[in-house]
Amino acid sequence: MYFSQYLRLIDVMARMALRADATKFFLGYIWWVLEPLLFVAVFYFVFSVILGSREPDFIIFLMVGKLTYVWFAKSVTQASTSIVSSKGLVGQIDVPKTLFPMAVIQEGLYKQASVFMLLFVVLLATGYPITATWWYLIPLMLVNYLMIVACGFVGACLVAMVRDFQPLITLGMIFLMFTSGIFWDIRELGDPHKTELLLAVNPLAFLLDAYRQILMHETPPDMPHLLTLGAGFGALVCLMVLAMRRYSQFLALKALTA
Amino acid sequence: MSVSKHRVMLSLDKVSLSYHTGRKTFDHGVHRVLDEVSMDLYEGETLGIMGRNGVGKTTMLRLMAGILAPTRGKVVIQPGKKAALLSLGLGFKPELSGRDNALLSAMLQGSSLEQATTFLDSIAEFSELGESFDAPVKNYSAGMRSRLGFTTALMTHVDILLVDEVLSVGDAHFRGKAQEAMKNRIMGGQTVVFVSHMADQVAKLCNRVIWLDQGKIVDQGDAVEVTDAYNASVAEERKIAAAKKLLR
């Protein structure tokens, strides 16, 4: 399969999945932005109304963190089961196994584009200016995307080989939700060493914080750290592509027989 | 037709396939699907693979198509040639129209978006779906689904066509049409491997037949002779089963 055809196929598969999804619900495409907004609303109710968070501009703070987290968590969770749930196709054609997670991730990317648009509109409406710092969003989003692809590939292989990884991945996402500073500020922990440690070991926490620094505080992210993450996840993606090509038939057997 | 003069397109050399079922049932949880199977497929021939359900027929096709790799042994295909399964209802998404599903199937089978788009009209025509072609597949009857599936699959152009129990689809009228289309392919020199548990169909379409049982080749050779032997063995088994029932 040529690379251009592979890209076309990912695009068509993603669009078809989106269209199929939209016809299932009465509100159709509106769910793309409604679902993440409802997530934010639930969190806002709990942490601002009930627990009384004192974070300034808590709703914006929460939106930036939560909407980025949902992109990551949903894409990776769905990518993880993508090979196994495409069993029917896997048993009938010899296609690159990366196709299945990539189609799911592409679907998430199209949805996220509209979510980011909405976020930017809210930011502008609430008085946050567009500044030159926003240019840093480009490398940031790129690294964010690479991280999703790398984790999605790893998850898809793990679940194809041993199904028991599926609940573990779901659990891992909940763990990340609590440890990445979505509804609390990683910079307000009171202990700078703890903040530094969390930012160093949890790439998602670093990325969420970087979005907030750019969008809310006009501060560029720690570029060496960002580039290191980009290189790391980029390398992991390459490695996974090679491994999934090498063990394509093995993955098919596992998906078909487990 | 004599096939011996033709080139070998694909061969299996002592091919075995087994996998761990995870549950320690028998053989320490190892399930053997194929056991040292060797065979040659010649250019332009129609080879039948026959046997009851669960003897490894579909697995053999999947090995030929490169979907699975053998645990031991080798699958050798002539360089530059490609084998593919004629797949019914490849990835049907019930919420989408027949048109969208056909497009996706054609692309998954290797067509470019442009090629797939040009196929759509002939798919609509051959499948006789009419206006339903643009309706969601979830509203289709089983017969309509299989008509769409067969027609889309028919568009695949490959060197070796692997067909898995496919001609038992749709109503009598469409079944006839499907068999006709398949015969045209065969007459046109297409190399075909045809899997079925229906001996009559195999005898009608194939030049040569392989009889598979419990992952091993029992017999191979002239289509009529092997299907007769197979039918006799099935009849024999039925008699034994009936006798056992009487004794109980």
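Everything here concerns the structure above.
Chemist: Help me out: how do you make sense of the sheet that holds strand E7 (residues 191-196) of chain B in this one?
Modeler: Note on sheets: strands pair through backbone hydrogen bonds, and any given pair is parallel or antiparallel. Residue and element names in this part refer to chain B. One open sheet holds the six strands; their spatial order is E5-E6-E7-E3-E8-E9, and the pairing between them is mixed. In this open sheet, the two edge strands, each paired with only one partner strand, are strand E5 (83-86) and strand E9 (216-222). Adjacent strand axes in the sheet meet at a mean angle of 20 degrees, parallel and antiparallel pairs treated alike. In terms of strand pairing, strand E8 (residues 208-213) meets E9 through six bridges, oriented antiparallel. Each bridged residue has a counterpart across the sheet, and for Trp211 the counterpart in E9 is Asp219.

Chemist: Would you mind showing me how to read the pairing of strand E3 (residues 46-50) of chain B here?
Modeler: Side-chain positions along a regular strand alternate between the two faces of the sheet. Residues and elements named next belong to chain B. Here E3 lies mainly inside the structure; five of its five residues are buried. On E3, burial covers both faces: Thr46, Gly48 and Met50 on one face and Leu47 and Ile49 on the other are all buried. Where E3 lies against E7, five bridges are found, and the strand directions are parallel. Bridging from a neighbouring strand, Met50 pairs with Ser196 of E7. Strand direction decides the pairing type here: E3 and E8, joined by four bridges, are parallel.

Chemist: What should I look at first to understand the interface of chain A and chain B in this one?
Modeler: Where the parts come together, the accessible area they lose is often given as the size of the interface. Facing 24 residues of chain A, the contacting portion of chain B comprises 26 residues. Across the chain A/chain B interface, buried area totals approximately 2,400 Å², and carbon plus sulfur atoms make up 67% of it. Our count for the chain A to chain B interface comes out at two salt bridges. The partner of B:Glu114 in a salt bridge is A:Arg8, with the nearest N and O atoms 3.3 Å apart.

Conventions and cut-offs
- Residues numbered from 1 in each chain as written.
- Chains lettered and ligands numbered in written order.
- Predicted model: local features only at pLDDT ≥ 70, side-chain atom pairs only at ≥ 80, totals over all residues.
- Heavy atoms only, no water.
- Pairing = 2+ DSSP bridges.
- Helix = DSSP H or I, 4+ residues; strand = E, 2+ residues; numbered from the N terminus.
- Axes fitted to C-alpha atoms, helices over the stretch in contact; angles between N-to-C directions.
- Buried < 20%, exposed > 50% of the residue type's maximum accessible area, 1.4 Å probe, protein only.
- Contact = heavy atoms within 4.5 Å.
- Buried area = accessible area lost by both parts, 1.4 Å probe.
- Salt bridge = Lys/Arg side-chain N within 4 Å of Asp/Glu carboxyl O.

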